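Here are the chains, one letter per residue:
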Amino acid sequence: MQDRSPLETYDQALWRLVQYVVSERYSRPELTLAIQLVADIYWVSEAKVVSDMNKRSSGLGVHYSKAEKRPRQRVQA
């Protein structure tokens, strides 16, 4: 496992996702799960995460198409 700094902001999380897309080491289901986690942690929609990822990666020539859309269920603690 690589030593990685912890993510402190939404922007850092987005850049980490862009790195995952660029590296092409992760399958679509793995990336979709990572997008869902970022969306849940920062209380934004998955569509917003994907849109923001695409904006940040546009200059890199990579693009993550829309994440799978499924009904979301939040568990109340």
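See the structure shown above.
For the structure given in this document, a descriptive report is provided here. Since the model is a prediction, treat every value here as computed from it, not as a measurement. (Residues numbered from 1 in each chain as written. Predicted model: local features only at pLDDT ≥ 70, side-chain atom pairs only at ≥ 80, totals over all residues. Heavy atoms only, no water.)

### Structural notes on the overall build of the protein chain
Right, so step 1: Each helix and strand in the protein chain was counted, giving three helices and zero strands.
Right, so step 2: Helices and strands in the protein chain line up, N terminus first, as α-α-α.
Right, so step 3: For the protein chain, the residues scored as buried account for 32% of the 77 residues in total.
Right, so step 4: The contacts in the protein chain between residues at least 6 apart in sequence include a share of 59% that link residues at least 24 apart.
Right, so step 5: Surface exposure of the protein chain reaches about 5,800 Å², of which carbon and sulfur atoms provide 54%. (Helix = DSSP H or I, 4+ residues; strand = E, 2+ residues; numbered from the N terminus. Buried < 20%, exposed > 50% of the residue type's maximum accessible area, 1.4 Å probe, protein only. Contact = heavy atoms within 4.5 Å. Areas by Shrake-Rupley, 256 points an atom, 1.4 Å probe, with all protein chains shown as cover.)

### Some words on the packing of aromatic side chains
Right, so step 1: Tallied over the entire structure, the rule returns two aromatic pairs.
Right, so step 2: Ring centres of Tyr10 and Tyr42 lie 5.6 Å apart, and the angle between their planes is 65 degrees; this geometry places the pair in the edge-to-face category. Residue Tyr10 is located in helix 1 (residues 10-23), and its partner Tyr42 is located in helix 2 (residues 28-42); the two are separated by 32 residues in the primary sequence.
Right, so step 3: We classify Tyr42 as partly exposed; its relative accessible area is 27%.
Right, so step 4: The interplanar angle of 50 degrees and the centroid separation of 4.7 Å between the aromatic rings of Tyr20 and Tyr26 together place this pair among those described as tilted.
Right, so step 5: Overall, Tyr26 belongs to the partly exposed group, its relative accessible area being 30%. (Phe/Tyr/Trp six-rings, centres within 6.5 Å; stacked < 30°, edge-to-face > 60°.)

### Points about the pattern of salt bridges
One side chain can pair with another of opposite charge once the charged atoms of both are near each other.
Right, so step 1: Applying the stated criterion across every chain yields a total of two salt bridges.
Right, so step 2: One salt bridge connects Asp11 with Arg56, and the closest N-O pair in it is separated by 2.8 Å. With a gap of 45 residues between them, Asp11 in helix 1 and Arg56 in helix 3 (residues 46-57) connect regions that are remote in the sequence.
Right, so step 3: Judged by relative accessible area, Asp11 falls into the partly exposed class, the value being 34%.
Right, so step 4: Taking the shortest distance from any N to any O, the salt bridge between Lys48 and Asp52 comes out at 2.9 Å. Here Lys48 and its partner Asp52 are both found in helix 3, four residues apart, which amounts to about one turn of the helix. (Salt bridge = Lys/Arg side-chain N within 4 Å of Asp/Glu carboxyl O.)

### What to know about unusual backbone geometry
Right, so step 1: Its identity as a non-glycine residue notwithstanding, Glu24 has a phi of 55 degrees, on the positive side.
Right, so step 2: Position of Glu24 relative to the elements: it lies in the loop between helix 1 and helix 2.
Right, so step 3: Residue Trp43 is not a glycine yet carries a positive backbone phi of 55 degrees.
Right, so step 4: Tracing the backbone through its elements, the reader meets Trp43 in the loop between helix 2 and helix 3.
Right, so step 5: Look at Trp43 and you get exposed, because its relative accessible area is 65%.

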